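Next come the chains, spelled out residue by residue.
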Amino acid sequence: MLHFLFLSSSASSPLPSRFLLLPKPTSKLGILAMSTAAASSSSSRPVRGGAVPVPSLGADEAGAAADQALRRHTSPNLRRSGAGVAVVWFRNDLRLLDNEALVRAWAASEAVLPVYCVDPRVFAGGTHYFGFPKTGALRAQFLIECLGDLKQNLRKQGLDLLVRHGKPEDILPSIAKAVSAHTVYAHKETCSEELLVERLVRKGLEKVVIPQGGASHQKKVFNPKLQLVWGATMYHIDDLPFPVSNLPDVYTQFRKAVESKSSVRNCSKLPPSLGPAPSSGLDEIGGWGTIPTVESLGLNLTKSEKGMHFIGGENSALGRVHEYFWKKDQLKVYKETRNGMLGSDYSTKFSPWLASGSLSPRYVCEEVKRYEKQRVANDSTYWVLFELIWRDYFRFLSVKYGNSIFHLGGPRKVGSKWSQDQVLFESWRDGRTGYPLIDANMRELSATGFMSNRGRQIVCSFLVRDMGIDWRMGAEWFETCLLDYEPASNYGNWTYGAGVGNDPREDRYFSIPKQAKTYDPDGKYVAYWLPELRSLAKERRNFPGASYIKQIIPLKFDGGHQKKDQQFSRQRRPNNMYRRQVK
């Protein structure tokens, strides 16, 4: 799946003042990771213990697949008609293929300066309510690899990547002034923290005054502009059959509308070369800078020899598309295998690259269509697009509902009482609940930064339904850990899972016994992540009794007589539930 499918206009209003209800995790609660040196190039493919690399292609094969994809999207007929210098502010769009902001900057200038800002609020800050690390070590390492790959690919195109440590609103105006840039191009975001940075950058640029040609007594001045480009979704926001304010609150209605009335735009074409970079001004701002290491960010990677190791960068992203669709021919069975939990090929695994912007959803769509023409079109090929539409939907919902997707009551302002019991939460976070299916999924998350879509739904349901824990604690822990974290998809899915989302019908309870019997009947998944269960008979691994740690709480529903997952009514929560009310 494309993940957790879990994949603001009003988001411009500030979130409530921050309050910390939990201490920040200490080193003993640090996130497990797989040790590696920072990737400085796409050819540096670290081996992390016994973890399975994703993609499994070698560096040369992944690079060849990427080069082929880029060649298919390069046009010698493109012409640039602009003058002066344009800056490209890379954010969550760490790619060349189908990067409209980059292509627009090239067309509107004579020289392009790509910039990435290592924002301390992102890499060293804390989550909004509970102060968990904003970016965990695993995602930081993945992004570092993405930056190394982007730098290499830009160099092949006659450019480079300028890396600066600091806030974009401080860095970009000074860079624009140094190179006399007329415009800063960037992809637009939708959630409040990112929108705030956009506003601050725009204000900072307005204060920059740059002389413009002519005799000294005739010189004009100009202020650099911020030009934001929509580019994060498969369907463009301007192509929706309704304004975002009228976005349907039911996904199926949205999907049917866009499928029947909208079309997916073609990927942007690239020129044969994106160069040159500006010829002056770089020395004034200290040169190209360096990509950080995990250690320089104050984070610690602890080696794990299990699970999957996702390799960051556009080359790996395009290599994975090639591997899953064309080499392994897995696309034709995607719908049948997507609910798996063990291994690298039960689902596409595209989500980390989609979240970092190393992979364009429109490119995935194009490849699906190409596969359907050349090999087969069936329910599985369609289902990948179905999931990408879900991802779009959450992004558009974040525009419609703004900050309410982060609020306790969600978009519908549901009034409920939740617990913030630290003992319960930490047992869930650390994989010590006594329920093997929950514990295995949470340990996979800590070790790899990834969890299957099925697993995400199960652990979410357990936290909010069985434990009665404030859903925002789970959402923020996922924000820390997930390689594929993006706010709209993460919080959109958690509001759905907690029953406070925009669609009141999305309010389901996932029975752990039923889920275990259906999706891990032989206990292979739990035995992989919980070695103490391997000696048990297969049918006992998910139901080990006294052979495993004691269950921290009873389940709300036994599950033994359930025929399907039940709708959950919050009124069923017992009055003696562990609670600390949120003010």
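Analysis parameters
Residues numbered from 1 in each chain as written. Predicted model: local features only at pLDDT ≥ 70, side-chain atom pairs only at ≥ 80, totals over all residues. Heavy atoms only, no water. Phe/Tyr/Trp six-rings, centres within 6.5 Å; stacked < 30°, edge-to-face > 60°. Helix = DSSP H or I, 4+ residues; strand = E, 2+ residues; numbered from the N terminus. Buried < 20%, exposed > 50% of the residue type's maximum accessible area, 1.4 Å probe, protein only. Lys NZ or Arg CZ within 6 Å of the ring centre and 35° of its normal. Axes fitted to C-alpha atoms, helices over the stretch in contact; angles between N-to-C directions. Parallel < 35°, antiparallel > 145°, perpendicular 65-115°, else oblique. Left-handed = near helix turned anticlockwise from the far one by under 90°. Contact = heavy atoms within 4.5 Å. Pairing = 2+ DSSP bridges. Right-handed = clockwise from strand over helix to strand, strands pointing away.

Participant: Is there a simple way to explain the packing of aromatic side chains in this structure?
Facilitator: How two aromatic rings sit relative to each other is given by the distance of their centres and the angle of their planes. Here the structure, examined in full by the defined rule, presents 35 aromatic pairs. Here Y324 and F350 contribute two aromatic rings whose centre-to-centre distance is 6.2 Å and whose plane-to-plane angle is 80 degrees, an arrangement assigned as edge-to-face. Taken as a pair, Y324 in helix α8 (residues 314-327) and F350 in the loop between α9 (334-337) and α10 (351-356) lie far apart in primary sequence, 26 residues in all. Exposure class is identical for Y324 and F350. Each is buried. A connected cluster of aromatic rings, assembled from ring pairs, spans W230, F242, Y251, F254, Y382, W383, F386, W390, Y393, F394, F396 and Y496. The positively charged end of K349 is found above the aromatic ring belonging to Y346, 3.3 Å away from the centroid. Here the guanidinium or amino end of R429 rests over the ring plane of W477, the centre of that ring lying 5.7 Å away.

Participant: Would you mind going over the packing of helix α7 (residues 251-261) against helix α12 (residues 379-401) with me for this structure?
Facilitator: Geometry of a packed helix pair, given as the angle between the helix axes and the separation of the axes. In the contact formed by α7 and α12, the axes pass within 10 Å of each other and the chain directions differ by 110 degrees. Our classification of the angle between α7 and α12 gives roughly perpendicular. The crossing of α7 and α12 is right-handed. In this structure, α7 uses Y251, F254, R255, V258 and E259 to contact α12, whose residues at the interface are Y382, F386, I389, W390, Y393 and F396.

Participant: Hey, could you run me through the pairing of strand β2 (residues 85-90) in this one?
Facilitator: One face of the sheet, then the other: side chains in a regular strand alternate in exactly this way. Extensive coverage of β2 is indicated by the burial of 6 of its 6 residues. Both faces of β2 are covered, namely the face carrying V85, V87 and W89 and the face carrying A86, V88 and F90. With 6 bridges connecting them, β2 and strand β3 (residues 111-118) associate as parallel partners. By the bridge assignment for β3, V85 is matched with A111. Remark: the β2/helix α2 (residues 100-107)/β3 crossover connection has right-handed handedness. Where β2 meets strand β5 (residues 181-187), 5 bridges bridge the pair, whose relative direction is parallel. Each residue of the ladder has a partner; that of V88, found in β5, is Y185.

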